[in-house]
Amino acid sequence: MPNLDERGQRLVRQGLGRIQIGQKTFRPIVMLSLEGCNITCPMGRVNADCDACMCEDVTLHGKVSLEDGSPGDNARVYLQANNLKLLTTADNKGTFRIPGVCPDGKNTLKIKKAKYTTAAITVPETNRKNLALQVQLKRSGKPYVFKSPDDKARRVGQSVYHNGSLLDPSIYRYKNNLILKNLNRGQAGEYFCKAVSDGGSAKSQPAMLSVIGKQEAACSSQPQSHLIRLPHDCFQKATDSFYYDVGKCPAKTCVGKLDKGLRCKDNISYCCGVSKMEMREILCDGYTLPTKVAVECGCKKCTETKITVRGRATAVDNGEPLRFGHIYMGNKRVSMTGYKGTFSVHVPPDTERLVLTFVDRLQKFVNTTKVLPFKENGGAVFHDIKLLRKKAPVMLESTETSVIPLGEKEDDDPIAELEIPPDSFYRKNGEPYRGKVKASVTFLDPRELSTAPVTQSDLNFVDDEGDVFPLRTYGMFSLDFTDEQGTETLNAEDVKVHLDTAQVRMPEHLQEMKLWSLNPETGLWEEEGDFNLEKSRRRRREERTFLVGNMEIKERRLFNLDVPESRRCYVKVRAYRSERFLPSEQIQGVVISVINTEPEPGFSSNPRAWGRFDSVVTGPNGACVPAFCDEQNPEAYAAYILASLGGEELEAVPSAPKLNPNAIGVPQPYLNKLNYRRTDHEDPNTKKTAFRINMAKPSPNSADENNGPIYAYENLKECEEAPYSAAHFRFYRIEGDRYDYNTVPFSEDDLMSWTDDYLAWWPKPMEFRACYIKVKINGPQEVNIRSRNMGGTHPRTIGKLYGIRDVRSIRDPEQQDVSAACLEFKCSGMLFDQDRVDRTLVKVIPQGSCRRESVNSMLHEYLVNHLPMATNNDSSEYTMLAPLDPLGHNYGIYTVTDQDPRIAKEIALGRCFDGTSDGTSRIMKSDIGVALTFTCSERSAAEQSLFESQRNLGQQSIQVPPRESPAYQRPVGSRQITQSRIQMRGQRPSSY
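Residues numbered from 1 in each chain as written. Predicted model: local features only at pLDDT ≥ 70, side-chain atom pairs only at ≥ 80, totals over all residues. Heavy atoms only, no water.

An unreviewed UniProt entry annotates the chain as Ig-like domain-containing protein originating from Bambusicola thoracicus. A UniProt comment under Subcellular location (unreviewed entry) is attached to the chain, and it reads "Secreted, Extracellular space, Extracellular matrix". (UniProt positions renumbered as here; feature names shortened; annotations may be inferred.)

Okay, here's the thing in structure tokens:
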């Protein structure tokens, strides 16, 4: 009868017998193989399953650790064979022992642990009988797309390269890369990528592929309408307005000159832009004003820009700055905050989601992760980062049960409680910790509306299909456990979270509540566990129902009590330079923030709690900000919406004493349904910088509700592309009395609008140099001052106008009959071709009866020593060839260079007001750092200032797009300025 193994399979015995060598007798190695088994073992023998070799005299010792060095207890160790075979499980110290694994360089072990990425390790080839291996597991998050495909434009018949598309591989015959050849119009549209792993899925942002005909123009040659405001003394009778149409070309992707190579990203990006301009002469009051008008658009290289985010990080409770805090992008430190909490971070190219973590080295504040929106077309955005102060630590006994409340309010119960069982704390090396524990548990309570800006990240998660969905929070908490001395961080296991169901007012949320933790690298929340309903009697109270969840505290220390929310909409918001609300005066780079609130039943204006905080940045067509909404009950969700630019809050349109649908931007009856209320609706002393609306989802059966300002979540594209005439909410700036005019039109909000022209005010689109001169006025009245800037020494621009700047002096709050102004002028330097410099010829002209008293001696000496020198025969003005050097406050000249023109101007203005080269002030100091001094006599009652005359001509209101209006009508009557909108004397308005 043949030899059978335990499975009844036949065993073949090879090489039996003994071998005699000298005086010694040896038994040869016995190799067992299964009949029909093709495995040959270079060492050891084939196991009974015929899927691996085994060496009975070899023992493998291993240790599994986690990213923070703590032991990977309960990690399972598998042998990679035809099927994964479980060999053992690591103990509480992360160690394991496996006998019989052959060290032949072919056996592979796989180590698995829940919430961690599977690790694979090959047993090295060696003759040793005892082996030691160490494995470190990384926490498994869902895949994350760092770079999405780019928009591309091609002609019919050309080819395009895509990376990782979701097209059917059997049709397009691709693996990881996709090449579409011989394109036709039917292949135009949106493409996106999808990544799949054991942790889940992730989708990229869609990219648009445009396919045009072989003979079709790459761009529409006809410029779009673009109105610029003219000076106070340049009223146009033909249009009955102060506006002139100079045209513009939208900077969208177009087909340029492509090489024959195929690659994921084109070497050169092409955009539609101005291909031809013409000089026009505009007749003004006593003079002609030159301007360049776009007459033809074409495809050209895109303007290169730089993207930055700036801001300040301060405590939400008292404004204390985060001094010298570290700023991380992923695991890399990229910047630090200054003494006043200010910071600046360069956004790397191709960044789609900017995730920054602010770390307090002094441990006074909770580490804060923010997802910051930025201007994709270049420039800077200012963000005010609010930090939550860490709660004072308490001492816990590690051998006793500890209960920590989450959300303590005098008039309400805690939202939840943490229960830590005895002997739950352990050190990072896995050893149990016995002794006192210093515990700091900081809770972000959504019942306090003021805490909404402190929200960590942007409250989003990725579902199993790779789509991003929002979360509605019921509270966040940060955990910090150390030993008694505070020198060693401790982990904890078997911690329970008891969430009071009475705090969850939406019954459907009870079934969907989950515990989440924040991934600081992606800024996305990842699921930690579910909750179960339990009834218990806690702290001698009546029997109550709780949602109970279990958690383990290791690498991550920031958690969230959240539910996914599918009832989503978008709100269309635009920001303007004034309350004229002209389409040409929209502002880009404004941060629009929305706080989703859950109103108290029966008291819609009194929110019970907030559930989400979001921010977006306005582009050339405003912004679409996400918010929760409800179709059945308009009052189920409400939203507070506010706007800021450079840290200064913009003003919302008033709602009292009477709603004005034309000013608010939303028609009736939808406006009443939304219940629009500015924050000062009931109390005039309240700030006017936000408004509240009911988030009523538009009904598909109502024509009045399908043209904005609320859009269903699936209609994002419709919201983003909505015309100016569609309903939208509005904010506006309260600007000071100043005016800018450029011969070559350029929007400082949109760096892509820059044009390579010799008369461009800013000669380089990636570097903006702002120059100001400080002018002091002795006289009883504030005076308006103009700088007229012309080419001075360059042969292509000499005698030609770059632009003009008007500003009104600000009265000194401490000196009677003294005022001062910081007047911008065009800096000298290279023009756009970088061939030779031009000394700008600057004329400083105060309005009225003024006489030049003095010129700063150091400035005068500099100009004398740097010829040529401009003549000054007219004592009522001052002319100079602007200095090439940056100079400083000792000369009365203030120069700042930055990647964003608004920031350069804001910093230079702050220094000019302060009269120093390194400080800043919002109060004009009229005696410090002055360049020019004029004495001006009082004007007669018949005389008007520049800005008074413009006000008295009335304010215009364009209600239709410019190309649909034959003339721009101005209403009868002068504009009235309420006291709440008058700028405080001596204080400069925000110009950032």
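A. A look at the overall build of the chain. When helices and strands are tallied, the chain shows eight helices and 67 strands. Here the chain, with 992 residues, has 52% of them falling under the buried criterion. Relative to all contacts within the chain whose residues are 6 or more apart in sequence, the contacts with residues 24 or more apart total 68%. Within the structure as shown, the chain displays about 46,200 Å² of accessible surface, and the carbon and sulfur contribution to it stands at 47%. (Helix = DSSP H or I, 4+ residues; strand = E, 2+ residues; numbered from the N terminus. Buried < 20%, exposed > 50% of the residue type's maximum accessible area, 1.4 Å probe, protein only. Contact = heavy atoms within 4.5 Å. Areas by Shrake-Rupley, 256 points an atom, 1.4 Å probe, with all protein chains shown as cover.)

B. View of the sheet that holds strand β25 (residues 326-329). Strand order in the open sheet formed by four strands is β26-β25-β28-β29, with antiparallel pairing between adjacent strands. Strands with a single pairing partner mark the edges of an open sheet, and in this sheet they are β26 (332-336) and β29 (368-371). Across the sheet, the mean angle separating the axes of adjacent strands is 30° when strand polarity is ignored. Relative to strand β28 (residues 355-359), β25 runs antiparallel, the two sharing three bridges. Looking at the pairing, Tyr328 lines up with Thr357 of β28. (Pairing = 2+ DSSP bridges. Axes fitted to C-alpha atoms, helices over the stretch in contact; angles between N-to-C directions.)

C. Representation of a nonpolar patch on the surface within the structure. A contiguous nonpolar surface patch, about 300 Å² in accessible area, is contributed by Phe324, Met336 and Tyr339. The topology assignment puts Met336 in strand β26. (Patch = residues over 30% accessible without salt bridge, like charges linked within 9 Å, V, L, I, M, F, W, Y side chains within 5 Å. Salt bridge = Lys/Arg side-chain N within 4 Å of Asp/Glu carboxyl O.)

D. Spatial organisation of the packing of aromatic side chains. Summed over the entire model, instances satisfying the criterion amount to 20 aromatic pairs. Between Phe235 and Phe242, the ring centres sit 5.2 Å apart and the planes meet at 70°, which makes this aromatic pair edge-to-face. Of the residues examined, Phe235 reaches a relative accessible area of 24% and is grouped as partly exposed. On the accessibility criterion, Phe242 (5% relative accessible area) is buried. (Phe/Tyr/Trp six-rings, centres within 6.5 Å; stacked < 30°, edge-to-face > 60°.)

E. How the structure looks around helix α7 (residues 901-914). For α7, spanning 14 residues, the distance from its first C-alpha to its last is 20 Å, which sits close to the expected 20 Å at 1.5 Å a residue. Most of α7 is tucked away: twelve of the 14 residues are buried. Within the span of α7, buried status applies to Pro901, Arg902, Ile903, Ala904, Lys905, Glu906, Ala908, Leu909, Gly910, Cys912, Phe913 and Asp914. Here α7 starts with a cap whose side-chain oxygen sits 2.9 Å from the backbone nitrogen of Arg902, and that cap is Asp900. Once α7 finishes, Gly915 follows within two positions and takes phi at roughly 75°, a positive value. (Expected span 1.5 Å × (residues − 1). Polar contact = N/O pair within 3.5 Å; in protein donor to acceptor, adjacent residues only side chain to side chain.)

F. How the structure looks around the nonpolar core. The biggest cluster of nonpolar side chains holds 73 residues, and the ones touching the most others in it are Phe477, Ile693 and Phe729. When residues of this core are assigned to domains, at least three fall in each of domain 4 (394-564) and domain 5 (568-732). (Core = buried A, V, L, I, M, F, W, Y, C linked by side-chain atoms within 4.5 Å. Domains from an automatic or database assignment.)

G. Helix α6 (residues 857-865), seen in detail. Burial in α6 covers these residues: Leu859, Tyr862 and Leu863. The arc that holds every buried residue of α6, seen down its axis, measures 95°, which confines them to one face. Pointing more than 90 degrees away from the buried face of α6 are the exposed residues Ser857, Glu861 and Asn865. Where α6 begins, the capping side chain belongs to Asn856, and its oxygen is found 2.9 Å from the backbone nitrogen of Met858. (Arc of directions from axis to C-beta.)

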